[in-house]
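Here's the letter readout for the chains.
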Amino acid sequence: MHITTVDERWIGGERHRFVSQVLECNGIGEGGRPAVTDVFAPGPDGRAIPEHDPVDLADYVRVGFDPDWLRPGHGRWAGAVGGRR
C-alpha cells in the first residue's frame, strides 16, 4: 500500500493523505524480483481506483472479502471522512 501526502497549506488549502496504490505480491518473478499486481492504481486525482482483480481473489472471497469492493462506485471514496474525496 502506498500513501500519498498532498500539502496545499501554502495556498490556503489543507494537507491530505490518501491511499494512492495497492499492490498484491504474487511470489517471485523475473530476475528474482517480486511479482506484483496493481489491484488499485492512482486515478486522475491521485487516489487509488480499482485496476485489476487480485490473483488470489478466490482466497480472499473464501475468508469474507466482497469482490464488489473492487468495482468502481462500490468503495468508500465518495463518502470519505468530512465529505472529501
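Residues numbered from 1 in each chain as written. Predicted model: local features only at pLDDT ≥ 70, side-chain atom pairs only at ≥ 80, totals over all residues. Heavy atoms only, no water.

Chemist: I'd like a rundown of the packing of aromatic side chains, residues and numbers included.
Modeler: Here the structure, examined in full by the defined rule, presents two aromatic pairs. Seen in terms of ring centroids, Tyr60 and Phe65 are 6.2 Å apart; in terms of plane orientation they differ by 65°. Their pairing is edge-to-face. The partly exposed category is assigned to Phe65, whose relative accessible area is 26%. Three or more aromatic residues joined by ring pairs make a cluster, and in this case those are Tyr60, Phe65 and Trp69. Taking the ring centre of Phe18 as reference, the NZ or CZ of Arg47 above it sits at 4.3 Å. (Phe/Tyr/Trp six-rings, centres within 6.5 Å; stacked < 30°, edge-to-face > 60°. Buried < 20%, exposed > 50% of the residue type's maximum accessible area, 1.4 Å probe, protein only. Lys NZ or Arg CZ within 6 Å of the ring centre and 35° of its normal.)

Chemist: Describe the pattern of salt bridges, listing the residues and the values that go with them.
Modeler: Charged atoms that come close allow side chains of opposite charge to pair. Taken as a whole, this structure holds four salt bridges when the rule is applied. Arg9 is paired through a salt bridge with Asp7; the nearest N and O atoms lie 2.6 Å apart. A residue is classified by how much of its surface remains accessible, and Asp7, at 33% relative accessible area, is partly exposed. (Salt bridge = Lys/Arg side-chain N within 4 Å of Asp/Glu carboxyl O.)

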